[in-house]
Amino acid sequence: MRAIILLGPPGAGKGTQAERLAAALGVAHISTGAILRQAAAEGTPLGLEARRIMQAGDLVSDELVLGIVEERVGADDCRGGFILDGYPRNRAQAEALDDLLRRLGADPAVVNIAVPSAELESRIRLRRLDTGREDDAEAAVRRRLAIHEAESRPLLDHYRGRVSEISGLGSRDEVFERLQERIFGEPVGAGVP
Ligand code: AMP
């Protein structure tokens, strides 16, 4: 089973790239953020609780997201593989994921999309105008970037020797080319938009 983990700060373009890569490979795209936003929109008690945490730019509990990921990877569309976008975000999640992938017999490719923080802030500001994402408000963005530095960036150490890095600067197409080259050694899915 093919498993790909995309790491990188908020605003690095993980979601965009994961979606394209999933379409090119015919595998599932798992975005824990998108699943949580969907639950929030549905107004379930869990979703509303998650919404409050997301609005503040904090991380929801490891138990909740692990439950989401475990359930999601068991779905039919994940049989051929999946791309994780937004998970793991801290060491405890990475360790839980190591176990899960071991059980699935998957040896993940891990790619970090690197973007300087000044660029991230301006990208997120633009995204907010575009999508109106509540957690793209200034205070929440600062909190998300700080949490990324404190909790998620150390994952590069967890995956040391296994993670490769690409620059997330430039156009979406340029980043997608780099991503494919890093994972496969050459572009795949020519013609996929
Ligand atoms: P994202 O769309 O990946 O930027 O995620 C948006 C928000 O959802 C994050 O700021 C967190 O509040 C929450 N979230 C998404 N993935 C996770 C995760 N793996 N662990 C904890 N919280 C998460």
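Residues numbered from 1 in each chain as written. Predicted model: local features only at pLDDT ≥ 70, side-chain atom pairs only at ≥ 80, totals over all residues. Heavy atoms only, no water.

This part covers the pattern of salt bridges. Considering all chains together, one arrives at 18 salt bridges under this definition. Close ionic contact of E138 with R125 constitutes a salt bridge, the shortest N to O distance being 2.9 Å. In this pair, E138 is assigned in helix α7 (residues 138-152) and R125 in helix α6 (residues 117-131), connecting sequence segments 13 residues apart. According to the relative accessible area criterion, R125 is partly exposed, its value standing at 42%. A salt bridge links D157 to R160; its shortest N-O distance comes to 3.1 Å. A relative accessible area of 62% means that R160 is categorised as exposed. When salt bridges that share partners are traced, they join R127, R133, D135, D136 and R144 into one network. (Salt bridge = Lys/Arg side-chain N within 4 Å of Asp/Glu carboxyl O. Helix = DSSP H or I, 4+ residues; strand = E, 2+ residues; numbered from the N terminus. Buried < 20%, exposed > 50% of the residue type's maximum accessible area, 1.4 Å probe, protein only.)

The linkage connecting Y87 with the following residue, P88, adopts the cis geometry, with an omega of 5°. Looking at where P88 falls in the secondary structure, it is placed in the loop between β3 (81-85) and α5 (91-104).

Moving on to the site of the ligand. The full set close to the ligand counts 16 residues, and T32, R37, D58, G86 and Q93 are the nearest of them. In this structure, an oxygen atom belonging to the ligand sits 2.5 Å away from a main-chain N or O atom of D58. Contact with the protein chains hides 96% of the accessible area of the ligand, taken as 480 Å² for the molecule alone. No other element matches helix α2 (residues 32-42), which puts 4 residues into the shell around the ligand. Tallied by class, residues from the shell around the ligand come to 6 nonpolar, 4 polar and 6 charged. (Near = heavy atom within 4 Å. Polar contact = N/O pair within 3.5 Å; in protein donor to acceptor, adjacent residues only side chain to side chain. Areas by Shrake-Rupley, 256 points an atom, 1.4 Å probe, with all protein chains shown as cover. Nonpolar A, V, L, I, M, F, W, Y, C, P; charged D, E, K, R; others polar.)

Turning our attention to α5. Compared with an ideal rise of 1.5 Å per residue, which puts 14 residues at 20 Å, α5 spans 20 Å between its outermost C-alpha atoms and is within 8% of the ideal. If you check which residues of α5 are buried, you get Q93, A94, A96, L97, D98, L100 and L101. Buried residues belonging to α5 abut β1 (2-7), α4 (62-73), β3 and α8 (155-158). Just past α5, the residue G105 takes up positive phi, approximately 70°. (Expected span 1.5 Å × (residues − 1). Contact = heavy atoms within 4.5 Å.)

One open sheet accounts for 5 strands, arranged β2-β3-β1-β4-β5; its pairing is parallel. Only two strands of the sheet have a single neighbouring strand rather than two, namely β2 (28-31) and β5 (163-167). Between one strand and the next, the sheet's axes are offset by a mean angle of 25°, whatever the strand orientation. Pairing analysis gives 5 bridges linking strand β4 (residues 109-114) to β5, with the strands arranged parallel. Residue A114 lies in a different strand from β5, and its bridge partner there is S167. (Pairing = 2+ DSSP bridges. Axes fitted to C-alpha atoms, helices over the stretch in contact; angles between N-to-C directions.)

What follows concerns the layout of surface pockets. A probe as big as a water molecule, rolled over the atoms, marks out the empty space that is left. Empty space within the second largest pocket amounts to approximately 150 Å³. Around the second largest pocket, the lining residues are R37, Q38, A40, A41, R51, M54, Q55, R133, E134 and D135. Listing elements by their share of the lining of the second largest pocket, those giving two or more residues are α2 and α3 (45-55). Sorting elements by how many residues they give to the lining of the second largest pocket places α2 first, with 4 residues. (1 Å grid on protein atoms, 1.4 Å probe; cavity = no way out; pocket = protein on both sides within 12 Å on 5 of 7 lines; lining within 4 Å. Points joined across faces, edges and corners; volume = space filled by probe spheres on them.)

Okay, the nonpolar core next. Core analysis: the biggest nonpolar cluster contains 27 residues, and I5, F82, L97 and Y159 have the highest contact counts within it. Secondary structure elements with two or more residues in this core: β1, β2, α3, α4, β3 and α5. The contacts of Y159, once residues within four sequence positions are left out, are I5, L7, P88, A94, L97, D98 and V110. Counting residues in each nonpolar core, the second largest holds 19 residues, with A18, V111, V175 and L179 among its members. (Core = buried A, V, L, I, M, F, W, Y, C linked by side-chain atoms within 4.5 Å.)

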